[in-house]
Structures are given as C-alpha cells and as structure tokens.
Amino acid sequence: MTLNKRTLICTLAAVALAGGLPAAAAQAHDPTRVGSVRELIAELPVAGEVRAGYERSKFRHWIDADKDGCNTRMEVLKAEAVEAPTQGVNCTLSDGQWFSYYDDALVSGASGLDIDHMVPLAESWDSGAYDWTPERRQAYANDLGWSRSLVAVTARTNRQKADQDPSTWMPPAADAQCHYVADWVSVKTRWQLSVDPAELQALQQAATACPDEELAVPLA
C-alpha cells in the first residue's frame, strides 16, 4: 500500500468539517468537548448493556435530509472518495475510488463498500439509545455532522465487525487501530453513550499504544 494513510484520513476529515457534507443534515457544533483520547475514555460512563427491545428498524437510516436526491449513504460516499465518482440520475455513482482504512484497501467502484456506523446501531441501543426518541435515533443513524460517525469501508470488514465493540473486534490492519479507537471514543462522547466494563478495558489497553490525540468533539 503506497498511500500515506495519515495524510489521507486527515484530508477526508478536513473536507467533511469544512463543509463537504450537507449543512442541513449536520448536527450543531456547540457545545464541543475538547480532550485527549485517554481523557475522553476516562470520562465515558460505565454501565451494563441493555439489548432488550432492539430492532434495527427503530433507527431510520439512509434518509435524504437536504432533499438533494442523495441519501446519507451516498453523501458519505461522495465525501470520502479519494477519486471522485461520476454522479448520475437519482444520485447513482459510477467509477471513483475509496480507501477502506479498516483493512488498508483501495476500492474501485461504490458497490464493494458498506457505510459503517462507527458505533453500530445495536451497540448504541445497548449503550443508551434504547431510551432515546425516534427522532434522536434517526439523527444518530444519519449523522453527517461528525466525520468519524460514518465511514466507507469494504463490505467484508463491515460484516466481520457486525455489532461488536472493541473488546471483541478491531480493524485487521494493525496501523488502523489507533485511528479506530479515536473514532469510537469520539462517537460515544458525541452521543453521550456508555461503555461496558470489557469495552472500557479494551479501549484503555489499546490507547496506551497510541499517541494521545486531542479531539474536539461536537456534542449532539
């Protein structure tokens, strides 16, 4: 792999935060929690998981919030492309290239990609979304206001991950793990979600091997 992964990831984040994603779909950027990854991990509330009542249909996702013909999935694909696709009728995308940081893979064409909810819908339910309104769950499932919430990755790795947290699954590309931990922690912070004890331990352990990156997380 010849791409400079850190440069690429930072560029994608900068594009999203600079307005590459539709403003109408973005969450408010204030208040913002600024802290290092390890500080944010230490602040996460610890609680047991609540899976009772979970149904994926309780999170309405892939909506077209700004009514431009492109749903959330397509907006993420357009924002994260490293080689821009051609957009056709009804927001169909052809050509283009994407970088799946989970497995260090370049992907040509959008059909080989899934849009992963960084913290899966089932995991968010377990961690507090069970007590949310339908409107807040929809906002979570379509979160274009924080570039780390949704990520285009190979379908293979997304399906391997499924609804697992970092205590049982981490990206197979070893040099992706620090970025993944920062992504995961930032989303849990943004949405005020809890962690279970095993998850907390896994995050703490992984973070010790990573630079203590500072994040400015807009709270939802």
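## A look at the confidence of the model for the protein chain
Step number 1: With 86% of its residues at a pLDDT of 70 or more, the protein chain shows a mean pLDDT of 90.
Step number 2: The low-confidence segment residues 1-29 (pLDDT under 50) makes 50 contacts with residues lying over four places distant or belonging to another chain.

## Focus on the state of the cysteines
Step number 1: Taken as a whole, this structure holds 2 disulfides when the rule is applied.
Step number 2: The disulfide partner of Cys178 is Cys210, and the gap between their sulfur atoms is 2.1 Å. Measuring the twist about the S-S bond at about -90 degrees, one finds the Cys178-Cys210 disulfide to be left-handed. Of the two residues, Cys178 sits in helix H7 (residues 177-190) while Cys210 sits in the loop between helix H8 (197-207) and strand S8 (214-218), which places them 32 residues apart along the sequence.

## With respect to the packing of aromatic side chains
Step number 1: Going through the model one piece at a time under the given rule, you end up with 12 aromatic pairs.
Step number 2: Between the aromatic rings of Tyr101 and Tyr102, the centroid separation amounts to 5.1 Å while the plane-to-plane angle is 80 degrees, which identifies the pairing as edge-to-face. Accessibility classification places Tyr101 together with Tyr102 in one group, the buried group.
Step number 3: An aromatic cluster of at least three residues, connected via ring pairs, comprises Tyr54, Phe59, Trp125, Trp132, Tyr140 and Trp191.
Step number 4: The positively charged end of Arg51 is found above the aromatic ring belonging to Tyr54, 5.7 Å away from the centroid.

## Observations concerning H8
Step number 1: Listed as buried for H8 are Glu199, Leu200, Ala202, Leu203, Ala206 and Ala207. For H8, the angular spread of buried residues about the axis comes to 165 degrees, placing them on one side. Those residues of H8 that are exposed and aimed more than 90 degrees away from the buried face are Pro197, Gln201 and Gln205.
Step number 2: As for H8, its buried residues are in contact with helix H2 (37-43), helix H4 (121-126) and H7.
Step number 3: For H8, the N-terminal capping position is held by Asp196, with its side-chain oxygen 3.0 Å away from the main-chain nitrogen of Ala198.

## A few points about the side chain of Asn142
Step number 1: In this fold, Asn142 is placed in the loop between helix H5 (134-141) and strand S7 (150-154).
Step number 2: Only 2.8 Å separates the side chain of Asn142 from the backbone oxygen of Arg60, close enough to count as a polar contact.

## Here's the deal with the environment of Thr72
Step number 1: The topology assignment puts Thr72 in helix H3 (residues 72-80).
Step number 2: Given the relative accessible area of 2%, Thr72 is considered buried.
Step number 3: Separated by 10 residues in sequence, Thr72 and Trp62 have C-alpha atoms that sit 4.6 Å apart.
Step number 4: Among all residues touching Thr72, those that are not within four sequence positions of it are Trp62, Ile63, Asn142, Leu144 and Leu150.
Step number 5: Here the side chain of Thr72 touches Asn142 through a polar contact of 2.8 Å, side chain to side chain.

## Quick word on H5
Step number 1: Every buried residue of H5 is accounted for by Arg137, Tyr140 and Ala141. One side of H5 carries all its buried residues, which in axial view fall inside an arc of 95 degrees.
Step number 2: Residues of H5 that are buried sit in contact with strand S6 (113-117), H4, S7 and H7.

## Quick notes on the pattern of salt bridges
Step number 1: Inspection of the entire model under this criterion finds 13 salt bridges.
Step number 2: The partner of Asp143 in a salt bridge is Arg190, and the shortest N-O contact between them spans 2.8 Å. Highlighted residues: Asp143 in the loop between H5 and S7 and Arg190 in helix H7, separated in sequence by 47 residues.
Step number 3: Exposure remark for Asp143: the relative accessible area of 1% places this residue in the buried category.
Step number 4: Note that Glu199 and Lys188 form a salt bridge whose closest N and O atoms lie 2.9 Å from each other. Highlighted residues: Glu199 in helix H8 and Lys188 in helix H7, separated in sequence by 11 residues. The same class applies to Glu199 and to Lys188, which are both buried.

Thresholds, definitions, all that
- Residues numbered from 1 in each chain as written.
- Predicted model: local features only at pLDDT ≥ 70, side-chain atom pairs only at ≥ 80, totals over all residues.
- Heavy atoms only, no water.
- pLDDT = per-residue confidence, 0-100.
- Contact = heavy atoms within 4.5 Å.
- Disulfide = S-S within 2.5 Å.
- Helix = DSSP H or I, 4+ residues; strand = E, 2+ residues; numbered from the N terminus.
- Phe/Tyr/Trp six-rings, centres within 6.5 Å; stacked < 30°, edge-to-face > 60°.
- Buried < 20%, exposed > 50% of the residue type's maximum accessible area, 1.4 Å probe, protein only.
- Lys NZ or Arg CZ within 6 Å of the ring centre and 35° of its normal.
- Arc of directions from axis to C-beta.
- Polar contact = N/O pair within 3.5 Å; in protein donor to acceptor, adjacent residues only side chain to side chain.
- Salt bridge = Lys/Arg side-chain N within 4 Å of Asp/Glu carboxyl O.

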